[in-house]
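Tertiary structure, described
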Amino acid sequence: MSKLIGLTHWLLILTILISEELVEGRKIPNSVNRAIIKTIKVKSGEIIDCYDIYRQPSLNHSLLRNHTIQMQPSFDPKDMKSDNLGTLQLKQTWHDFGSCPKETIPIRRKMKNYNPTFLRKRHRTKLSHYNRTPNASQPSNFVDLHEYATVEARGNFLGAQAKINLWKPVIEMSAEISISQIWVTAAEGKETIETGWMVNRPLYGDYETRFFIYWTDTNLFCYNDLCPGFVHTSSSIGLGCSFTELSTFNGDQKDALFSIHKDQSSGHWWIQLQGESVGYYPSSLFTELSNKATTIQWGGEIVNAKSKGRHTATQMGSGHFPSEGGLKTSSYFNWVQVVDENNMSMDPKDFDLEATNPNCYDLKVDDSHRDTNGFGFYYGGPGYNDKCP
């Protein structure tokens, strides 16, 4: 009898193992397999899984167990410049290899180099995407310094938007990153919702320019869908996926409209790209940000590891200063707007400019194209140069 029980036990284990999919050295549980409706294999080993929208991993968050998905915002903010969507025909690389069916969402499968411990640590003295404390993924003498070129508005807000120029900046050291984004924050930066584009090899394993979202509360931070929280609703826009069209120096310019706004009916914070709703962060994830944002920032950020005993040559934006010339030379934000407490979109009235190291990365408000481009600015730089040692 005991042998029969033992045999039954091992047959059960064997059945479970067979029902799991071994991918890149890790097994995907059968329960996850049932949630995946379709799998799309992209170049360089990248994989997109089309998940049943009602069984997406984000709904495993303890605050979302009985959550009813809102498929679209109740209404957009008034006077938001959504009719001017820029020059980008919204296309991500994986679109060339397939599409996700309706009522599914594309999720980029974690790659071999994914390290959740490294990616979830955060230094909070400044809005930043990395921890300054060395860990197993960094050499013992590694110190990362965050540098910014941003426009900042303070007040009470329900959102923000901007059309952001897309580039592929040069990254000098693999641990460094370059970001262009919008920050919507409360609680002195401890609660944030962010979106834009980035080049981030530690996160993605390459140097491609990728769409990203990011959020923090007082306890953690998280990119894209790497932990539960963001409720994804779009079947065509993948988080962490690369753009197919980018700007070229002295050539064609590509930009995309990024926006974050609070739905006045549900309270959720919606993220949109090129006017398409990607999904939302439920207000229940936050404390102060559940009501409103108190700071908005737009601009660039880089991580400077100083690995060669000097400033990094990692580029911000196009890698060229605003002083070198405007369109086709320096990178830009335009149609920069905030959403006030009355759900009205408008240019920021009171704002501050911050370039933490202007000899390396700078910014300049563009006052000569407000009629055609709204409020905007040029920003960025090459990093290391004669004045940036």
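Reference entry: report on the structure contained in this document. (Residues numbered from 1 in each chain as written. Predicted model: local features only at pLDDT ≥ 70, side-chain atom pairs only at ≥ 80, totals over all residues. Heavy atoms only, no water.)

**Details of the packing of aromatic side chains**
Here is the rule: Two aromatic rings from Phe, Tyr or Trp, using only the six-membered ring of Trp, form a pair when their centres are within 6.5 Å; if the ring planes differ by under 30 degrees the pair is stacked, by over 60 it is edge-to-face, and anything between is tilted. Numbered from the N terminus, helices here are DSSP runs of H or I no shorter than four residues, and strands are runs of E no shorter than two. For each residue, the accessible area found with a 1.4 Å probe, counting protein chains only, is set against the maximum for its type, and the residue is called buried under 20%, exposed over 50%, and partly exposed in between.
In total, this model carries 15 aromatic pairs according to the counting rule given. Summarising the aromatic geometry, the rings of W270 and Y280 are spaced 4.8 Å apart at their centres and angled 50° between planes, so their arrangement reads as tilted. Of the two residues, W270 sits in strand 13 (residues 269–273) while Y280 sits in strand 14 (residues 276–281), which places them ten residues apart along the sequence. Between the aromatic rings of Y281 and F286, the centroid separation amounts to 6.4 Å while the plane-to-plane angle is 75°, which identifies the pairing as edge-to-face. Overall, the relative accessible area of 7% leaves F286 in the buried class. Members of the aromatic cluster, connected to one another through ring pairs, are W215, F230, Y281 and F286.

**Thoughts on the state of the cysteines**
Filter applied, for reference: Pairs of cysteine sulfur atoms within 2.5 Å are what we label disulfides.
In this structure the tally under the stated criterion is three disulfides. In this model, C50 is linked to C100 through a disulfide, with the two sulfur atoms separated by 2.1 Å. As the torsion about the S-S bond is roughly -80°, the C50-C100 disulfide counts as left-handed. Within this pair, whereas C50 is found in strand 4 (residues 47–52), its partner C100 is found in the loop between strand 4 and strand 5 (104–108), the two being separated by 50 residues in sequence. In this structure, C50 and C100 share a single accessibility class: buried. Residue pairing for C360: its cysteine sulfur links by disulfide to C388, the two sulfurs lying 1.9 Å apart. Because the torsion about its S-S bond is 95°, the bridge between C360 and C388 counts as right-handed. In this pair, C360 sits in the loop between strand 18 (351–355) and strand 19 (362–366) while C388 sits in the segment after strand 20 (376–380), placing the two residues 28 residues apart along the sequence. Residue class for C360 comes out buried when judged on its relative accessible area of 1%. Judged by its relative accessible area of 1%, C388 is buried. Disulfide connectivity for the chain, with bonded cysteines indexed by sequence position, reads 1-2, 3-4, 5-6. In this structure C241 is a free cysteine whose sulfur lies 9.2 Å from that of C100, the closest cysteine sulfur available.

**Describing unusual backbone geometry**
Even without being a glycine, E103 presents a positive backbone phi close to 65°. The residue E103 is located in the loop between strand 4 and strand 5 in this model. Of note, E188 is a non-glycine position whose phi angle comes to about 55°, a positive value. As for its position among the elements, E188 is in the loop between strand 7 (177–186) and strand 8 (191–200). For E188, a relative accessible area of 71% gives the class exposed.

**What about the pattern of salt bridges?**
Inclusion rule: In the sections that follow, a salt bridge refers to a side-chain nitrogen of Lys or Arg positioned within 4 Å of a carboxyl oxygen of Asp or Glu.
Per the stated rule, a full pass over the model turns up eleven salt bridges. For the salt bridge of E46 with R108, the shortest nitrogen-to-oxygen distance reads 2.4 Å. In this pair, E46 sits in the loop between strand 3 (36–41) and strand 4 while R108 sits in strand 5, placing the two residues 62 residues apart along the sequence. Of the two residues, E46 and R108, both sit in the buried class. Two residues, R210 and E46, come together in a salt bridge whose shortest N-O distance is 3.1 Å. Highlighted residues: R210 in strand 9 (residues 210–216) and E46 in the loop between strand 3 and strand 4, separated in sequence by 164 residues. This pair shows no difference in class: R210 is buried, exactly as E46 is. Each member of the salt-bridge network shares a partner with another, and the members are E46, R108, D206 and R210.

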